[in-house]
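Architecture at a glance
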Amino acid sequence: MIRRRINRAEDWARQITELMEQRDTSSGLTFSLRWKPCTAEHEEEMDTRDLVELLRSDTLYYRREGEQRKELTNKVFYTFSGGEKAMAMYIPLFSAAYSRYLEAREEK
């Protein structure tokens, strides 16, 4: 059950990333989402609470045309123009909502 949910969440993150990267923006700015797993050096380093927090967290990235993908931090966010800030907030939100609708059953 847990493995299935983790796999579903990873698939969902991939879908969201694909949707976000398809957005055509005049500035060439795109966003992506990635789970960032942490590997413990010793088995006892991660308790259940840390694991749950890790599984709930995700990381948002951005890439300007011709540049490498970078993590979107608050510091970077505040360097964006007003339109880029709006895209950084709304593209992930609407991509996540849209990807959930893709899983809906067709009801007639």
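Everything below is about the structure printed above this text.
This section reports on the structure supplied with the text. (Residues numbered from 1 in each chain as written. Predicted model: local features only at pLDDT ≥ 70, side-chain atom pairs only at ≥ 80, totals over all residues. Heavy atoms only, no water.)

Looking at the side chain of Ser 95
Using the following cut-off: Counting from the N terminus, the helices are the DSSP runs of H or I reaching at least four residues and the strands are the DSSP runs of E reaching at least two. Relative accessible area decides the class of each residue, using a 1.4 Å probe on protein chains only: under 20% of the type maximum gives buried, over 50% gives exposed, and in between gives partly exposed. Polar contact is defined as a pair of N or O atoms within 3.5 Å, subject to the rule that within protein one atom must be able to donate a hydrogen and the other to accept it, and that residues adjacent in sequence are counted only when both atoms are side-chain atoms. Whether two residues are in contact is decided by their heavy atoms, any of which lying within 4.5 Å being enough.
Its place among the elements puts Ser 95 in helix α4 (residues 82-102). With a relative accessible area of 6%, Ser 95 lands in the buried category. Here Ile 91 takes part through its backbone oxygen, which lies 2.7 Å from a polar atom of the side chain of Ser 95. Apart from the residues within four sequence positions on either side, Ser 95 is in contact with Ile 16, Leu 19 and Met 20.

What about the nonpolar core?
Stated precisely, the cut-off is as follows: We call a set of buried Ala, Val, Leu, Ile, Met, Phe, Trp, Tyr and Cys residues a nonpolar core when their side-chain atoms join them within 4.5 Å.
Within the largest apolar cluster, 15 residues are counted, with the highest numbers of intra-cluster contacts made by Met 20, Leu 29, Phe 31, Tyr 62, Leu 72, Phe 80 and Ala 88. Element by element, the count of residues in this core is highest for α4, at four residues. Contact partners of Phe 80, with chain neighbours within four places excluded, come to Leu 29, Phe 31, Tyr 62, Arg 64, Leu 72, Lys 85 and Ala 88.

Focus on the packing of aromatic side chains
Where we set the bar: Pairing of aromatic side chains requires ring centres within 6.5 Å, counting the rings of Phe and Tyr and the six-membered ring of Trp. Pairs whose planes differ by under 30 degrees are stacked, by over 60 edge-to-face, and all others tilted. A positively charged side chain is recorded as over a ring if its NZ (Lys) or CZ (Arg) lies within 6 Å of the ring centre. The angle to the ring normal must also be within 35 degrees.
Across all of its chains, the model carries five aromatic pairs by this definition. Arranged with centres 6.4 Å apart and planes meeting at 65°, the rings of Phe 31 and Phe 80 form a pair that is edge-to-face. Linking Phe 31 in strand β1 (residues 30-34) with Phe 80 in the loop between α3 (74-77) and α4, this pair joins segments that are 49 residues apart in sequence. For Phe 80, a relative accessible area of 4% puts it in the buried group. Relative to Tyr 78, the ring of Phe 77 lies with its centre 5.3 Å away and its plane at 80°, an arrangement referred to as edge-to-face. We classify Phe 77 as buried; its relative accessible area is 16%. Put simply, the rings of Phe 31, Tyr 62, Phe 77, Tyr 78 and Phe 80 touch in pairs and so form one group of aromatic residues. The side chain of Arg 69 reaches across the aromatic face of Tyr 61, ending 4.6 Å from its centre.

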